[in-house]
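Coordinate inspection notes
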Amino acid sequence: MGEKKYVMGNFAITRGAVESGVQVAAGYPGTPSTEILEGFAEYQGIHAEWSCNEKVALEVALGASLSNVRSMAVMKHNGTNVSTDLLMHLNFTGISGGLVVISADDPAGHSSQNEEDSRILVHTYANLPVFDPSNAIEAKSMVKDAYELSEKTEMCFILRPVMRVCHSRAVIPFEDYDEASFPKAQWRDDRDRYIMSGVEVPELGGIKRPQARHRWLNNKYKELQELFEGSPYNHVEDGEGNIGLVGCGIGYTYIKEAAGMLGKKYPILKLCTLPIPKKKILGFLQDKEKVIVFEELEPVVENLIKQLCQENRIPMEVLGRSGFYPPDGELTAQMVLDAVKKADPEVKVIEEFQPRKIDIEIPVRTRTQCVGCSYRSLLYNVKRIARRYKGIVFGDIGCHDAGSFKPLELQSTIYCMGASVGMATGAFFAGEKRPVFSIIGDSTFFHLGLNGLINASYQNGKQVVVLCDNATTAMTGFQPHAGSGINLYGESAKKVDLNKFGEAIGVSVHHVDPYDNKRTYETLKEAVQEEGVSLVISSRACYLKGSREGIKFFEPREVHVDQERCNGCMVCINDFGCPALIYEADNKKVHIDELTCVHCAMCAVVCKRGAIS
């Protein structure tokens, strides 16, 4: 007999996979999906790993699937982009053991450098079936159904939870399962499927295999359409009037939240699968003059319904993300209310969401590193060198990317994982006369930075690559990577030697302790004057993680600001940016906040007037 637990949506997804008999799970950390893979660490007998990147994670999961066991690949929307090359092959070949890919979206970009609707990639482009959960309970149920259907159809299934589903909490039933009943690994050769090459298929008139498998995929798509007509995740709720509301995934949840504030009960169609159930939708559209489609984030279902109306010559007004309500940003219950009122001006709203009014001005939260972080002194010295030599600094993703914002404003770019090194190479070969720098973290380096550095060396470019090595994936919660020396379970693992790697590909390698300001500056100065590619490795453990573990980073030393010497120039704040340094507008002086200061004393070298000592 199972039990019920109050858990995060991500852990509900994990539990659904465990109860389904998943034997291999792989992924790369990224909010909002991170906790899904971490949850597997509690279960013995399941191989779970933080792979170097999402494409590798999907390769691991696919290899397990073709070995006839159930597997899962976990990633956020950005990572799904990385895995696309493989995704556009396995959709043609199909799978063996059930394979589910989690592609978690982040509408409004709460923890991402962009907002993106991965349904377009995994469904519209790859023609793979998608479950779009409306809540955490449904997400778990969908995972279990996805594995059954994956094996029934020989197709990889996608679960697309958005951030509000991933990070919501609910009471989830933890059902019992029998590990002995789960299938064991058993490879069966099927070269006609698994070897994707442009060879002819005589039994199909000599067409090439890619076309033959594409034909197979198109036929499977029709099968899925029929399958989803009876899906419990798509249903109609009766209401009054000729205006219908369509809720897709979390959009349905927002409709139900707003419904209690409307003085009218509208007909509702819940759609949580792709392909869409055309017959069910056509039945819902009868006697309707207009429907409003609520979905995250692009008008995917809206456009499919419009196409359906056109094909069936239905004079229907289909409204949604294409301009009826905002085409960007995250859905809210208030957006639902506003859209319904716009479509039906006579409707009465019983209660509206009103933001609480406050009389104080709330300061804008600044992106920054933790107090005591070694990245701060590193970025400070990179800024000094970049300013001295009028250099351009290409940034990457990680804790260090806070240096792109005020007060430092050092990095000039932040794009996708690993892009900094390649972009710096491009700037150099474009003829840029100024020195080019790239800043990249160790986890990002193992993710997709390796190829960029190898290419920079191979092409005989010139740049200074600053590798921020803190032996963890700190930004997403201290997940290990290939340079950490441990795996997901905290067990000892092989560790990549960054110095040897740099030497092996022929770049000049330097190693610095970022807490040593003088030596760090001199090393960066030396590197920028070298020919070719220089790799400056800044190695220190993450301060936040390490301080919890009792690691000693420096000899604590209390420092103070001499108010007589301080002239309020704010160089210490603008160039160093430690949150413990506070500028007081009243007396135009800087002081140190003792509540946040960790006594690293790194700021003492910043003030040229000697006011900090």
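**Side note on the pairing of strand S22 (residues 581-584)**
Pairing between S22 and strand S23 (residues 589-592): four bridges, direction antiparallel. Its bridge partner being in S23, Glu 584 is matched across the sheet by Lys 589. In sequence, S22 turns back onto S23 through a hairpin of four residues, with Lys 588 there showing a positive phi of about 55°.

**Some words on the environment of Glu 229**
If you trace the backbone, Glu 229 turns up in helix H10 (residues 209-229). Taking the relative accessible area as the measure of exposure, Glu 229 reaches 15% and is therefore buried. Separated by 23 residues in sequence, Glu 229 and Tyr 252 have C-alpha atoms that sit 18 Å apart. Beyond its immediate stretch of four places on either side in the chain, Glu 229 contacts Pro 277, Lys 278, Lys 279 and Lys 280.

**A short note on the domain arrangement of the protein chain**
Interface extent is often summarised as the accessible area lost during association of the parts. For the protein chain, the assigned domains read domain 1 (3-227), domain 2 (235-343), domain 3 (374-548) and domain 4 (554-613). Computed over C-alpha atoms only, the centres of domain 2 and domain 3 are separated by 47 Å.

**Observations regarding the pairing of strand S2 (residues 22-27)**
The element S2 is largely enclosed, with a buried count of five among its six residues. Across five bridges, the pairing between S2 and strand S4 (residues 70-76) is parallel. Residue Ala 25 lies in a different strand from S4, and its bridge partner there is Met 72. Of the pairings in the sheet, the one linking S2 to strand S3 (residues 47-50) comprises four bridges and is parallel in character. Pairing of Ala 26 across the sheet is with Glu 49, part of S3.

**A word on the nonpolar core**
Phe 40, Met 72, Ile 292, Phe 294 and Ile 305 are the most contacted members of the largest nonpolar core, which has 104 residues in total. A domain-level breakdown of this core finds at least three residues from each of domain 1 (3-227) and domain 2 (235-343). Sequence-distant contacts of Ile 292, defined by excluding residues within four places in its chain, comprise Ile 243, Gly 244, Leu 245, Val 246, Leu 319, Phe 324, Tyr 325, Ala 339, Val 340 and Ala 343. Of all hydrophobic cores here, the second largest spans 26 residues; its members include Cys 566, Leu 581, Ile 592 and Cys 597.

**Focus on the sheet that holds strand S12 (residues 243-248)**
If you trace the five strands from one edge of the open sheet to the other, you get S11-S13-S12-S15-S16, paired in mixed fashion. The two strands at the open ends of the sheet, each matched to only one other strand, are strand S11 (235-237) and strand S16 (317-319). Each adjacent strand pair in this sheet contributes to an overall mean axis angle of 20°, direction not counted. Pairing geometry for S12 and strand S15 (residues 290-294), over five bridges, is parallel. Across the sheet, the residue bridging to Gly 247 is Phe 294, located in S15. Sheet strands touched by helix H12 (residues 278-285): S11, S12, strand S13 (268-271) and S15. Its angle to S13, the strand with the most contacts, is close to 165°.

Cut-offs and rules
- Residues numbered from 1 in each chain as written.
- Predicted model: local features only at pLDDT ≥ 70, side-chain atom pairs only at ≥ 80, totals over all residues.
- Heavy atoms only, no water.
- Pairing = 2+ DSSP bridges.
- Helix = DSSP H or I, 4+ residues; strand = E, 2+ residues; numbered from the N terminus.
- Buried < 20%, exposed > 50% of the residue type's maximum accessible area, 1.4 Å probe, protein only.
- Contact = heavy atoms within 4.5 Å.
- Domains from an automatic or database assignment.
- Core = buried A, V, L, I, M, F, W, Y, C linked by side-chain atoms within 4.5 Å.
- Axes fitted to C-alpha atoms, helices over the stretch in contact; angles between N-to-C directions.

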